[in-house]
Amino acid sequence: MKVLVTGGAGYIGSVVVEKLVAANYDVVVFDNLSQGHRAAVHPKAVLVEGDLSDPEVIDETLEKYEPAAVMHFASYTLVGESVEKPFLYLRENVNNAGNLLECMMNHGIHYFILSSTANLFDEPEKMPISEREKIVPGSPYGESKAMIERMLYWLDRYHGFRYAALRYFNAAGATESYGEAHHPECHLIPLVLQVAQGKREKIKIFGDDYNTPDGTCVRDYIHVADLAQAHILALESLVKKGKSCKYNLGNGQGYSVKQVIETARKITGHAIPAEVVARRGGDPDVLVACSDAIRKDLNWKPEFPELEKIIESAWKWHQAHPSGYQNS
């Protein structure tokens, strides 16, 4: 089976491509390389440099390679940036997804996996957060994903389109070959590891007065390889059962910022100085996923649920790739 992966040169996309290739799928990566890296594309995957803002290029790619399914990772993903630049998200993310979906419909491709987000749930009534939780996006980024999910709902209802919306919480960790290399970096674990590498003097803790055991925000971290496996299981389910689905993806256990830093200190052997600074706007106290649905329906079980294993895998990758993909 051939799968087109948009954003397959990025962090999560590259690992999903790696796992797809290992599972004997034929993979075509579609990426404009604005955030991804050419060196992050698996050597057995075909790379098409293109932009989802150009329907003609999408059409040409689908016509040439004839994928049976699409996994969609290509988007702007920064919550803070989405607040500052809302139209970059509300327009570009949504329009680009619309271009892709329309081209798929025109080519008779009806299997789609969406990289969605926990940012759909800004005001959860229950914790851990299940799929039954009311969607109240926490930013224009979260809103853009909610809008794409609504597009998928209508395509499923009236056009026989089958999709899986996978709402992940905090993707982290690395495989031996592929890891997290953003420029600039904004995620906690790689930022902490940059201190251990000597690239940063200290790590900033944005507030220590939250309603949590140690006062710092609690988040659900999920290994990127476990995310990748969920995508493959979701695709297999779409093909076999022909039924669309939505799943929240996490380990079901939260770790605080201070716990992440302390665990990184143990793994790296570095002191990792930390400084408490003012809160950032929009950071909730706790975000933890309930992943019971996908565990039950698809028999998904995280292989690396422990924070130690997640950070250890990331640390190994960063040591082996001190400049990210720049020297690859």
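Thresholds applied
Residues numbered from 1 in each chain as written. Predicted model: local features only at pLDDT ≥ 70, side-chain atom pairs only at ≥ 80, totals over all residues. Heavy atoms only, no water. Pairing = 2+ DSSP bridges. Helix = DSSP H or I, 4+ residues; strand = E, 2+ residues; numbered from the N terminus. Axes fitted to C-alpha atoms, helices over the stretch in contact; angles between N-to-C directions. Contact = heavy atoms within 4.5 Å. Parallel < 35°, antiparallel > 145°, perpendicular 65-115°, else oblique. Left-handed = near helix turned anticlockwise from the far one by under 90°. Phe/Tyr/Trp six-rings, centres within 6.5 Å; stacked < 30°, edge-to-face > 60°. Buried < 20%, exposed > 50% of the residue type's maximum accessible area, 1.4 Å probe, protein only. Lys NZ or Arg CZ within 6 Å of the ring centre and 35° of its normal.

Q: Before we move on, can you summarise the sheet that holds strand β4 (residues 69-72) with the specific residues and values?
A: With respect to topology, 7 strands assemble into an open sheet ordered β3-β2-β1-β4-β5-β6-β10, the strand pairing being parallel. Edge positions in the sheet fall to β3 (46-49) and β10 (245-249), since each has one partner strand and no second. Neighbour-to-neighbour, the strand axes of the sheet open up by a mean angle of 20 degrees, direction not taken into account. Where strand β6 (residues 162-168) lies against β10, 5 bridges are found, and the strand directions are parallel. The residue bridging R167 from the neighbouring strand is N248, located in β10. Contacting β5 (111-117), β6 and β10, helix α5 (residues 140-159) runs over the sheet at an angle of about 155 degrees to β5.

Q: Lay out the environment of F169 in plain terms, naming residues and giving numbers.
A: Within the secondary structure, F169 sits in the loop between β6 and β7 (170-172). Along the chain, F169 and A289 lie 120 residues apart, while their C-alpha atoms are 7.0 Å from each other. With near-sequence residues (within four places) excluded, F169 lies in contact with A118, I129, D220, N248, L249, L287, V288 and A289.

Q: Hey, could you go over the packing of helix α4 (residues 86-106) against α5 for me, with residue numbers and the actual values?
A: Direction vectors running N to C along α4 and α5 enclose 20 degrees, while the axes themselves pass 8 Å from each other. Of the possible angle classes, the one that applies to α4 and α5 is roughly parallel. Where α4 crosses over α5, the two elements pack in a sense that is right-handed. From α4, P86, Y89, L90, N93, V94, A97, G98, L101 and M105 reach across to α5, where they touch P140, Y141, E143, S144, M147, I148, M151, L152, L155 and H159.

Q: Any details on the packing of aromatic side chains? Residues and values, ideally.
A: Counted according to the given criterion, the structure contains 6 aromatic pairs. Where Y76 meets Y89, the ring centres are 5.8 Å apart and the plane angle is 55 degrees; that geometry is what we call tilted. Of this pair, Y76 sits in the loop between β4 and α3 (79-84) while Y89 is found in helix α4, placing the two residues 13 residues apart along the sequence. Residue class for Y76 comes out partly exposed when judged on its relative accessible area of 29%. Taking the relative accessible area as the measure of exposure, Y89 reaches 0% and is therefore buried. Measuring from ring centre to ring centre gives 5.3 Å for W317 and Y325, while their planes differ by 55 degrees; the resulting arrangement is tilted. For W317, a relative accessible area of 1% puts it in the buried group. Taken together, the ring pairs in this structure connect Y76, Y89 and Y141 into an aromatic cluster. Above the ring of Y210, the side-chain terminus of R279 is found at 3.7 Å from the ring centroid.

Scope: geometric values only; no functional claims are made or implied.
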